[in-house]
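# Examining the three-dimensional arrangement
Residues per chain are reported as follows:
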Amino acid sequence: MSRTATLTRTTSETDITVRLDLNQPAYDAPATGHGFFDHMLDALARHSRLGLSVRATGDLHIEPHHLIEDTGITLGQALTQALGDRRGIERYGSAFVPMDETLAHVVVDLSGRAHLAFEPETLAIWGDAGGMTHYHLREFLRGLCNHGGVTLHVRVLAGREAHHVIEAVIKALARALRDAVQVTSDALPSTKGSL
């Protein structure tokens, strides 16, 4: 099975194209016009070992919210398409990632049901990273979950500085996704017989 998808989302605020290949990692530097977000998308691709390409423009002169959220939505749609009926996938993934003083834990279930439990919003996190905050990260993940049929739990066990918190969460997400999308059987991973 190909397990690939190319999706485009165009609104009055953003224009985003995501290409996703769950079988073949391929490096393609992201280009969104937001330096730190590009850095995070690059980390997501490299640590998940998935083929990911993101080309996007957005109303960054206002604020990065629309660009980041809509990229999450488009990535979620691409994930749904690439997974197909989700037959044979491992389904679950979990990863701890340290980054200096920060420790992030992410657990993913590719259940087809959307849910985001995002603990960092309860923490006192300092500053932003190139204009990206942990609230932007939440909106990116919310878009991914809602449109990718993903249940996602994000916890930050240590850390206060925005750059390290965001980066550790993205890298933990990448490693958890890497495990969850792997095809390990020919059966649907559900007692219900469908996802």
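Our structure is the block above this text.
Everything numeric here is computed off the predicted structure, so don't read it as measured data. (Residues numbered from 1 in each chain as written. Predicted model: local features only at pLDDT ≥ 70, side-chain atom pairs only at ≥ 80, totals over all residues. Heavy atoms only, no water.)

## A word on the side chain of H136
Position of H136 among the secondary structure elements: in helix α3 (residues 134–148). On the basis of relative accessibility, which here comes to 6%, the residue H136 falls in the buried class. Separated by 2.9 Å, the side chain of H136 and the backbone nitrogen of T133 make a polar contact. Contacts of H136, omitting those with residues within four sequence positions, involve E63, P64, H65, I68 and G131. (Helix = DSSP H or I, 4+ residues; strand = E, 2+ residues; numbered from the N terminus. Buried < 20%, exposed > 50% of the residue type's maximum accessible area, 1.4 Å probe, protein only. Polar contact = N/O pair within 3.5 Å; in protein donor to acceptor, adjacent residues only side chain to side chain. Contact = heavy atoms within 4.5 Å.)

## Overview of α3
Under the 1.5 Å per step criterion, the end-to-end length of α3 is 20 Å for 15 residues, consistent within 8% with the ideal 21 Å. Burial runs high along α3: eleven of the 15 residues are buried. Regarding α3, the residues found buried are H134, H136, L137, R138, E139, F140, L141, G143, L144, C145 and G148. Lining the buried residues of α3 we find α1 (35–48), α2 (65–83), β6 (115–118), β7 (151–158) and α4 (162–180). Capping of α3 at its N-terminal end is provided by T133; its side-chain oxygen lies 3.1 Å from the backbone amide nitrogen of Y135. (Expected span 1.5 Å × (residues − 1).)

## Here we look at the environment of A168
Here A168 is to be found in helix α4. With 142 residues separating them along the chain, A168 and A26 place their C-alpha atoms 22 Å apart.

## Details of the sheet that holds β7
On the basis of which strands lie adjacent, the open sheet formed by four strands has the order β4-β5-β7-β6 and mixed pairing. Edge strands, defined here as strands with exactly one partner in the open sheet, are β4 (92–99) and β6. On average, each strand axis in the sheet is inclined to that of its neighbour by 10 degrees, with strand direction left out of account. Where β6 meets β7, four bridges bridge the pair, whose relative direction is parallel. Across the sheet, the residue bridging to F118 is V154, located in β7. Running over the sheet, α3 touches β6 and β7 and is turned about 160 degrees from β6. (Pairing = 2+ DSSP bridges. Axes fitted to C-alpha atoms, helices over the stretch in contact; angles between N-to-C directions.)

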